[in-house]
Amino acid sequence: MNTASLRVVAAGPLVTFQDGGRLGHLRHGIPASGPMDRRAHAIANVVLGNPAAATAVEISRAGASFECVGASLTVAVVGGRFLTSVNGVAVGSDVAMTLVPGDQLVVAAGPSGSWAYLAVAGDLVASQWLGHTATHSLSGLGGGNVTAGLDVEVLATRADPRVDGPVGVFAGNGLVDGAVRVVLGPQDHRFTAEALRHFVTVPFALTEGFDRMGVRLDGPQLDLDAALSIPSEPIVRGSVQVAGDGVATVLLADHQTTGGYPKIATVVSADLDALCQLRPGDSVRFVPVTPTQAIVIARARAAAFEKFLDSDLLATRRLARRLTETDLIGDVGTDILD
């Protein structure tokens, strides 16, 4: 069994180990954590032949760099439009590549996007908490932070250059003109009519107050219609809570599990990954949908993504393999698309 490692040369803040998430523990005060962009994380794994929820390295806009040690290893970098290079040579974004010992891999922020995922062909070794490597950034529990000097061990290493090249992109993982669909409530009735009108008609911008717990928005002040004191209640990923100063915050992967601030709306799960890939200064506009519509949207998006993983993404991967194995000059190449 081959073993390789990725030696961390440098890593900025919020570079962590993440698997698919620690579901089922909200009642104990533990959020699921997991990847900020769940679809990009799954794509990076599946294109290498891993389970969709396997452990990968989540890389923030601060970037990270690695050295391949011990054995050759195929990896994939998928997510925002990050600048990926090997030994100083650019290889693009959303790409798979095979590293040999000594290769230097750099993943840095590019034109857009806030998160990228480095998956490996093999079993990435990281600490578990409650059966998962997903890192809760505030406590550090789970796989933990990826920091300079760390050797990230990979067991059952696979090196398959036939996978190298661009990775298919899921067309449904984006926002149309910055539109983020939301279900109003549960405390929307506590806000003034003007606040509700502004929430669904005036654009908001993401601020620098952006981490794995949530992102504060810059926009119109959202006033309550009266003094409000509500008991703490459960909070979910995508809740849009409004503090006493009238500022809205969208809660994300490492959100608190209970809170007493009023929540004006909840972002539809289908739009959360794309929202997380925005950057400070990017604008969004909230579009209300009914709970029934939200369910239809979520189910349709989940079905489309499952088809993409099971068919479209793997078909592209199989075609790439056949192209590398086939003599395209002679007649033998005529059957590759049969």
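Use the structure listed above.
Criteria and thresholds
- Residues numbered from 1 in each chain as written.
- Predicted model: local features only at pLDDT ≥ 70, side-chain atom pairs only at ≥ 80, totals over all residues.
- Heavy atoms only, no water.
- Buried < 20%, exposed > 50% of the residue type's maximum accessible area, 1.4 Å probe, protein only.
- Helix = DSSP H or I, 4+ residues; strand = E, 2+ residues; numbered from the N terminus.
- Pairing = 2+ DSSP bridges.
- Axes fitted to C-alpha atoms, helices over the stretch in contact; angles between N-to-C directions.
- Contact = heavy atoms within 4.5 Å.
- Polar contact = N/O pair within 3.5 Å; in protein donor to acceptor, adjacent residues only side chain to side chain.
- Salt bridge = Lys/Arg side-chain N within 4 Å of Asp/Glu carboxyl O.

**Student:** Would you explain the pairing of strand β7 (residues 95-99) in this entry?
**Tutor:** Within β7, five of the five residues are buried, which leaves it mostly tucked inside the rest of the structure. Alignment of strand β5 (residues 73-86) against β7, held across five bridges, turns out to be antiparallel. Among the inter-strand pairings, V75 is bridged to a residue of β7, identified as M97. As judged from the two bridges shared by β7 and strand β11 (residues 165-166), these two strands associate in the antiparallel manner. Residue V95 lies in a different strand from β11, and its bridge partner there is P166.

**Student:** It is not clear to me how the sheet that holds strand β19 (residues 263-267) should be interpreted in this structure. Could you clarify?
**Tutor:** One key point about sheets: their strands pair by backbone hydrogen bonds, in either a parallel or an antiparallel sense. Read around the closed barrel, seven strands run β12-β19-β16-β17-β14-β13-β20, paired in mixed fashion. Here the strands of the sheet are splayed against their neighbours by 40° on average, with no regard to which way each runs. Where strand β13 (residues 204-210) and strand β14 (residues 214-218) come together, three bridges link them in antiparallel fashion. Residue L206 lies in a different strand from β14, and its bridge partner there is L217. Along the sheet, helix α3 (residues 269-276) makes contact with β12 (179-184), β13, β17 (248-251), β19 and β20 (283-288), crossing β12 at roughly 135°.

**Student:** What exactly am I supposed to notice about the side chain of E58 here?
**Tutor:** Mapped onto the elements of the fold, E58 is located in strand β3 (residues 56-59). Within the structure, E58 has its side chain in polar contact with the side chain of Y117 (distance 2.5 Å). Setting aside chain neighbours within four positions, we find E58 in contact with L14, V15, T16, Q18, G34, P35, M36, W115, A116, Y117 and R212.

**Student:** What should I look at first to understand the pairing of β19 in this one?
**Tutor:** Along any regular strand the residues' side chains alternate between the sheet's two faces. Along β19, four of the five residues are buried, which leaves the element largely enclosed by surrounding structure. Relative to β19, β12 is paired through three bridges, and the arrangement is antiparallel. Bridge pairing in β19 links V183 to T266. As defined by bridge partners, strand β16 (residues 239-242) adjoins β19 across three bridges and the pair is classed as antiparallel. Across the sheet, residue V240 finds its bridge partner in β19, namely A265.

**Student:** Could you clarify how one ought to interpret the pattern of salt bridges in this entry?
**Tutor:** Pairs can form between side chains of opposite charge whenever their charged atoms are close. With the rule as written, the count across this model stands at 10 salt bridges. A salt bridge links D151 to R7, with the nearest nitrogen and oxygen atoms 2.8 Å apart. Placement of the pair is D151 in strand β10 (residues 151-155) and R7 in strand β1 (residues 4-11), with a sequence separation of 144 residues. Here R7 falls in the partly exposed class, since its relative accessible area comes to 32%. Between R39 and D273 there is a salt bridge; the shortest N-O distance is 3.5 Å. With a gap of 234 residues between them, R39 in helix α1 (residues 38-46) and D273 in helix α3 connect regions that are remote in the sequence. Each of the two residues, R39 as well as D273, counts as buried. Because the salt bridges share partners, they merge into one network encompassing R38, R39 and D273.

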